[in-house]
Structure formats: structure tokens, C-alpha cells
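Structural overview for review
Okay, here's what each chain looks like letter by letter:
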Amino acid sequence: MAGAVLSSDVDRSPAAVSLEGVSKWYDNVPAVQDFTIDAEAGEFLVLLGPSGCGKTTVLRLIAGLEIPSQGVIRIGGQVVNDVDPRNRDIAMVFQSYALYPHMTVRRNIEFPLRSRGHPAPARSRMVEEVARSLQLDKLLDRKPAQLSGGQRQRVALARAIVRRPLAFLMDEPLSNLDAQLRIEMRAELVELHAKLDTTIIYVTHDQVEATTMGNRIAVIDQSRLQQVGTPREVYEHPANAFVAGFVGNPPMNIIRGHLEGEGDAMNARFQDGYLQLPPVLAAAARRENLGEVLIGIRPQDLQIVEQGTIHATVSLVEVVGSESRLVCRFAGGQFITVDTDRDPAHMRNGDVIDLAVGRPRREQQGVSQEELRSLPEVPPEALHLFDVASGRRLDP
Amino acid sequence: MTSRIRSLTRLKAIREAGLGYLWILPALAVFGVFVFFPLLKAIWLGFFETPPFPNLPAHFVGLSQYASTLSSEIFLHSLWRTVLFVIFTVPIGIVLGIALATLAHQRLAGIRVFRTIFSSTVATSTAVASVIFFTLLDPQVGLFSYWLGQRGGTGILANPTLALPAVSVVTIWQNIGFTFILMSAALQSVPDDLLEAARIDGASNWFRFRTVTLPLLSPTVFFASIVGIIGSFQAFGQIDLLTQGGPNNHTLVLIYYIYQAAYTDSNYGLAAVLSIALFAILLVLTLAQFWFFERRVFYVGT
């Protein structure tokens, strides 16, 4: 039956994509090193990292545009190391959209079907179906140059969707859109993922995109995988100082401190004050026999207090809706960011303030503001300790 | 009041325009002396019939020399040989240029050597190319003559059927370096991600070349065809060195006919008429190509 070859007629189940010990070198420069990760079937996996970290190379390795120097890549359980990109049955959305500029929207969307030799009537039916679902049906006869950025993005998506691939690879697909459109497209992509029930591997350097869209995030830096986990896991338990500083907006404050004290009473001292470590963390630091640690504190875990152990000078007051953000400086020059719900009207550039670690407990009844602001103890979950040399997280 | 302002504005405009003309005067003068004047002079020369013996006065015949020359059998023959020469050289040259550029575009070890070889004919003069091929086509010692089974006798260049193709081969060979460089540059400008997208979209190499690469090369193909057609219409050196229009006028392209009329026969009236005809043909071709260019050719990034 002719209809059976149509991909839309076949109920495609999503495929898992897995990399096992994959490395890629260009001459002697490593682009990807010893990469092992599984994207489960139907998962939305985000590869997150700064530019040049190797995340796009990982995507290109999966697509087959690059050949791994080492390791095994599987799509749907099958080893694809030697399979040509055109036979891997995956679709890719490029950062530039890579629309064929000389073809109309219809021809662009149709291209993957045409190149696979689908008969014309079936092609136009499938193109129209996809175009309708992405609100492109009125633009089918235009050329890419006549479309807005958002419309081009949709055409690129339509071209990927139309043949129902085993998995989608997306390389920073939203980075060329303006801020408003990006937020809308984020939601649309998540909806699309749910609707298509497919595996998406999505590359971005934008941690907001990563945390809002991904089922899991793989954080990559310097060609190595740093941590894989759900957005919450990565945010709350960053595996190392890099992940801690990269995930979260604004980034986590990371301060270097000397450890001093005996037994459970241990302080981390730095130029502008000190922090008393919670006993569990103190024990962990002692176990590792460390003299110095990196202390990570999220801006929302810092509170402005009357009398605190950390002193800083305000250098910028930003009002972000109902909240405000203070950018302060230590005497050593390091910046430290504080998110606060306190009215910053009386704060001025140059004011010296005291800070303490703690989380606002607005939801708690019967606790006075004064009590909140003089938190007696440092909650362990608000402090992240990392080894200075390796950046590795110290867990209690 | 307003009229005064208007007249002042107009005065200023005239003064600015005058200044503008002053600036382009030197260029205009050069063009006038070396382009427009010779052109008009050639048209004017065409109105005079050159006497059969030197030192007799040329006499004015008006348009009749144009009419008789342009309808003469030898002119139509020459025009046809020129068109054949263009057909032999331009399409094959472009196809070969694209083919070599595509080959050299592969990322292979040592590909630079081939790029250098392919583009080397740019650095070869027509005279050198002609001498090389003259030797290769020589009926006694020529390698091509040997391969083509044309040893002995009068040789390929004296063969009425093979002379024009032979001259065409020399021309193609000589132009291939330029076409290759043009096409290589055009291939470089085709965005990689389009080709990668096509690969992932399931396109075979040939399908990808036909549907993505070739359309994106079209502006360059177009440019190469204009330059190639004009170049072939004006090809002179290889014909002068290899066949001198022979055998039996089989390689008598227009430009060589003009040359013979002017410098062999000293028939300046005829030569002027032929030159004007060649000029008109090239003008029409160029305008037609530009018209086509505007509507048919696709540019990346528009």
C-alpha cells in the first residue's frame, strides 16, 4: 500500500539517543571529551553551556555532521557511528534556521519529503497539515526573505516536524528572536514537545531557556559534561562551582574563604567578614581537611540585616518589579548580588550594609520582621561549599 | 518673497549641477576621445566605400554598404561560425568550471595542489596557450593528433570539421582557470548550514547539488556566461595563431573577419560596418542578459 510509506501514517514512537564515552578532537584540540549521556525516548533534554563549550559539537555528532574520534552514539538503540546523516532519521533546527532562500515556504517544508521521494499528492497534504498547525498556511507561497524572524523559525520547525523524525536536534533555535517572541516560542516548543511526543535535544547557552524547557539539563563546560539532572536538581545541588555560577539568574555569588575554628564551630573568613558554617557543612569541610573553600550563596539567600557578619558597599540598586536587586562590592573589588523584597528607596550608591545568609520566611505566621532579619543560624541548604582546586561540591 | 526664495534655490541647484559637471569633465573627456569619438568615426567610416586600390578617394555610399555587408553570405557565415564558437566554448567552460570547483571544494588532503593546478591557466597568456596546443595538434609530432588518429596529412587545424572545435578546446582550456576561480568563490559563499540541513533532510549528494547548491550559484553562472559570451565574441589571439580564420573560413569568427578586412584587405569601410555590427550584437546581448538577470537570478541574502 502506497500510504504506508507516508511518515504521518506511521505511528512513530520516539527514540532514545545515547552517547557513550564520546570524544571529538580537532587536530589536538578537544571539542568534546568523554561524553556519556542518555536522552530517554520522549525526553526534552537541554544541553546548556557557555559558548565554545562543545555543546553544538555534541549535537552535530548526534546528527552525523561530525564523526566522533571515540565512543559510541546510538539512536533508538542502534549504533549510528557509521550511518550517514541522511539515514539517521533525525531532524535538526539550526540557529540560522538554514532555510533554503531560493525556495518558497512550501518548497522548504516539502524538501525532506521530496528528497526521500514521497509522491507529490501526499507531500502537499502533509505540508498543508503541518503548515496549518504552525499557522503558516497563509505564507506557503512566500520566500524566506519575506518572512519575519518568528515566521522563519516556524518554517524551520515545520520542515523538521513534517517527516516525523525519530528525534529532534535544536541548536539555539530561539537566539535570533527578540525577547518577547522568545518567551512565546519557549512555551510553544514545550507544547509542541508534548503534542508530538518526541525526543528533543536542545542546545542553548541561556540558562533560563534550559530551566524552563528541559525535562533534564546537561551542563557542559570546557568540552566536558559537568552535571545532568532536572532543573531543580541542578539549581539546588550544583555539582561544582561552575554549574553553581552558571545556572540561576542572577548568578550565584561565589566567595573564597579561609576556614578557621574548632569542632563544629567553624567560620569561613574572607576580607569583608565571615560566615559561620552550619555544623553539617563544617564537618564535611573538616573531613576533607580543607583550609580554603569556595562559598556559594544565591542572591535571594542573602538578607540585609542591621548587624551582620558580612559587610559590603552598595554600588547599584535595580528595581525589578516588586523586588529589588542590589549589586554590592566587597573591599577587595568582588561584586556580590543581593535580591531583596525590602524597599530600596533609602539605599544609595556608596552605602555600607550588613548582610546575613538566610531565606525570607514570608509564609510563616507570627514571626516578626526583626526576627527574620536576625536569623540566628545559617540554613545549610542556602550555602554551597566547593573545593577550591577542583570546584567539586562538598556534600554533608 | 517665496518666489524669490524659489529662484535663489534654483540658482543654487544650477550652480551645484555645474560644479558636478565640472568634476566629471576629465572622465568625460577621456571617454569622448577614446570611446565616443572612435565609435562615431567608425559609424561614419561605414558610410564610405573603400576603393579597390589604395590612394583612390573613398566615396560616400550612405547606408548601402551596411545593407549589402550585413546581408552578404560571408557575413552571415562568419556570424554563424561565431555563434557556434560561443556555443562550443561558454556552456562547456562553465560546466567544467563548476565540476572542477566542486571537486576542489572537497576537504581532502593535498587539495590545495589541485586548486593551484586548476586555476593555473589564468596565468597563461593566449599566445602561450595557442603555442602549446599548436604543438599538441601538430600532425607530425602532436600528442592529440596521435590520440585522435589524425597523424600525418594536413592535421586537425586544417580539417574543416575539426578546426573550430579545436580552437574552442584551446579557448575553454585557457578560460577554465578563471571560471574555476569564480565558481570556487561562489561555492565558498554557499552557507554550510544549508548544505548540512539538506543532508540531514535526507538529500543525496546529487539531489542536494541540484536543488540547493546550483540555484545558489546562479548569479555567478550568470556572470560567467556574460563574461564568457563577450570573451568568445572577442576571441582573436588563438584564431590568429592557430588557423587564421581557415580552413576555408571555417574559423572566420566576426572579430577575425574584421581584422582581415581592415589589415589584410585594407577595406576600412567594410571593417567599420562589421565592427558596428559586432558592437550592436554585444550591446543587445548584454542588455538582454541584464534584463534576464534582474528577474531570474537568485541572490543570497535578499
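What counts and how
- Residues numbered from 1 in each chain as written.
- Chains lettered and ligands numbered in written order.
- Predicted model: local features only at pLDDT ≥ 70, side-chain atom pairs only at ≥ 80, totals over all residues.
- Heavy atoms only, no water.
- Pairing = 2+ DSSP bridges.
- Helix = DSSP H or I, 4+ residues; strand = E, 2+ residues; numbered from the N terminus.
- Contact = heavy atoms within 4.5 Å.
- Axes fitted to C-alpha atoms, helices over the stretch in contact; angles between N-to-C directions.
- Domains from an automatic or database assignment.
- Buried area = accessible area lost by both parts, 1.4 Å probe.
- Salt bridge = Lys/Arg side-chain N within 4 Å of Asp/Glu carboxyl O.
- Buried < 20%, exposed > 50% of the residue type's maximum accessible area, 1.4 Å probe, protein only.
- Arc of directions from axis to C-beta.
- Right-handed = clockwise from strand over helix to strand, strands pointing away.
- Core = buried A, V, L, I, M, F, W, Y, C linked by side-chain atoms within 4.5 Å.
- Patch = residues over 30% accessible without salt bridge, like charges linked within 9 Å, V, L, I, M, F, W, Y side chains within 5 Å.
- Areas by Shrake-Rupley, 256 points an atom, 1.4 Å probe, with all protein chains shown as cover.
- Phe/Tyr/Trp six-rings, centres within 6.5 Å; stacked < 30°, edge-to-face > 60°.
- Lys NZ or Arg CZ within 6 Å of the ring centre and 35° of its normal.

Focus on the sheet that holds strand β1 (residues 17-26) of chain A
Residues and elements named next belong to chain A.
- Within the open sheet, the 4 strands sit side by side as β2-β1-β4-β5. Their pairing is antiparallel. Since the sheet does not close on itself, it has two edges, and those belong to β2 (29-39) and β5 (78-79), each with one partner.
- Sitting on the sheet, helix α1 (residues 55-63) touches β1, β2 and β4 (70-75), and the angle it makes with β1 is about 115 degrees.

Description of the domain arrangement of chain B
Residue and element names in this part refer to chain B.
- Per the domain assignment, the segments of chain B are domain 1 (2-45) and domain 2 (69-296).
- If you average the C-alpha positions of domain 1 and of domain 2, the two centres end up 39 Å apart.
- It is Leu39, Ala42 and Leu45 in domain 1 that bury the most area against domain 2; as a group they hold 87% of the surface buried on that side.
- Taken together, the connections running from domain 1 to domain 2 amount to 0 salt bridges.

Some points on helix α9 (residues 279-288) of chain A
Residues and elements named next belong to chain A.
- Those residues of α9 not exposed but buried are Leu281, Ala282, Ala284 and Ala285. The buried residues of α9 all sit within an arc of 160 degrees when viewed along its axis, so they share a single face.
- Count one or two residues on from α9 and you reach Asn289, which has phi positive near 60 degrees.

Some words on the pairing of strand β8 (residues 199-204) of chain A
Residue and element names in this part refer to chain A.
- Across the 6 residues that make up β8, a large majority, 6, are buried.
- Alternating residues of β8 divide into Thr199, Ile201 and Val203 and Ile200, Tyr202 and Thr204, and every residue in both groups is buried.
- Two strands pair when backbone bridges link them, and strand β3 (residues 44-48) and β8 are joined in this way by 5 bridges, in the parallel orientation. Bridge pairing in β8 places Val46 opposite Tyr202.
- In this structure, strand β7 (residues 167-171) lies alongside β8, joined through 5 bridges in parallel fashion. Note that in β8 the partner of Phe168 across the bridge is Ile200.
- A crossover connection joins β7 to the parallel β8 through helix α5 (residues 179-196); in handedness this β-α-β unit is right-handed.

Digging into the nonpolar core
- If you look at the biggest cluster of nonpolar residues, it comprises 82 residues, and the most contacted ones within it are Leu19 of chain A together with Val212 of chain B.
- The element that contributes the greatest number of residues to this core is helix α3 (residues 73-105) of chain B, accounting for 9 residues.
- Counting 44 residues, the second largest nonpolar core, distinct from the first, contains Tyr97, Leu136, Phe168 and Val243 of chain A.

Brief notes about a nonpolar patch on the surface
- Taken together, the side chains of Leu19, Tyr21, Leu22, Trp23, Ile24, Leu25 and Leu28 of chain B define a hydrophobic patch exposed on the protein surface, amounting to about 790 Å² of accessible area.
- Tracing the sequence through the fold places Leu22 of chain B in helix α1 (residues 2-45).

As for the environment of Phe48 of chain B
Residues and elements named next belong to chain B.
- Counting through the fold element by element, Phe48 comes out in strand β1 (residues 48-49).
- In this structure, the C-alpha to C-alpha distance between Phe48 and Val61, residues 13 residues apart in sequence, is 5.5 Å.
- Phe48 has contacts with Ala58, His59, Phe60, Val61, Gln65 and Gly269, leaving out every residue within four places of it along the chain.

Observations regarding the packing of aromatic side chains
- A complete count under the given rule lists 20 aromatic pairs over all chains for this structure.
- With 5.3 Å between their ring centres and 20 degrees between their planes, Phe242 of chain A and Phe246 of chain A make a pair best called stacked. With a gap of 4 residues between them, Phe242 of chain A and Phe246 of chain A both fall in helix α8 (residues 241-246), about one helical turn apart.
- Taking relative accessible area as the criterion, Phe242 of chain A reaches 23% and is therefore assigned partly exposed.
- Their ring planes at 45 degrees and their centres at 6.0 Å tell us that Trp44 of chain B and Phe60 of chain B sit as a pair that is tilted. Taken together, the residues Trp44 of chain B in helix α1 and Phe60 of chain B in strand β2 (residues 59-60) connect sequence positions 16 residues apart.
- Note on Phe60 of chain B: relative accessible area 49%, which makes it partly exposed.
- Sitting over the ring of Tyr235 of chain A, Arg298 of chain A keeps its end group 3.8 Å from the ring centre.

A closer look at the pattern of salt bridges
Residue and element names in this part refer to chain A.
- What the rule picks out here adds up to 21 salt bridges over all chains.
- Between Glu236 and Arg232 there is a salt bridge whose closest N-O contact spans 2.9 Å. Linking Glu236 with Arg232, this pair stays in helix α7 (residues 231-236), spanning 4 residues, or about one helical turn.
- Taking the relative accessible area as the measure of exposure, Glu236 reaches 35% and is therefore partly exposed.
- Glu292 is the partner of Arg256 in a salt bridge, and the nearest nitrogen-oxygen pair spans 3.0 Å. In this pair, Arg256 is assigned in strand β11 (residues 253-262) and Glu292 in strand β14 (residues 292-297), connecting sequence segments 36 residues apart.

Let's talk about the sheet that holds β3 of chain A
Residue and element names in this part refer to chain A.
- As summarised here, the arrangement of the 6 strands in space is β6-β7-β8-β3-β9-β10, forming an open sheet in which the pairing is mixed. The sheet is open, and its two edges are formed by β6 (90-93) and β10 (224-229), each paired on a single side. Going from strand to strand, the sheet's axes swing by 15 degrees on average, the running direction of each strand aside.

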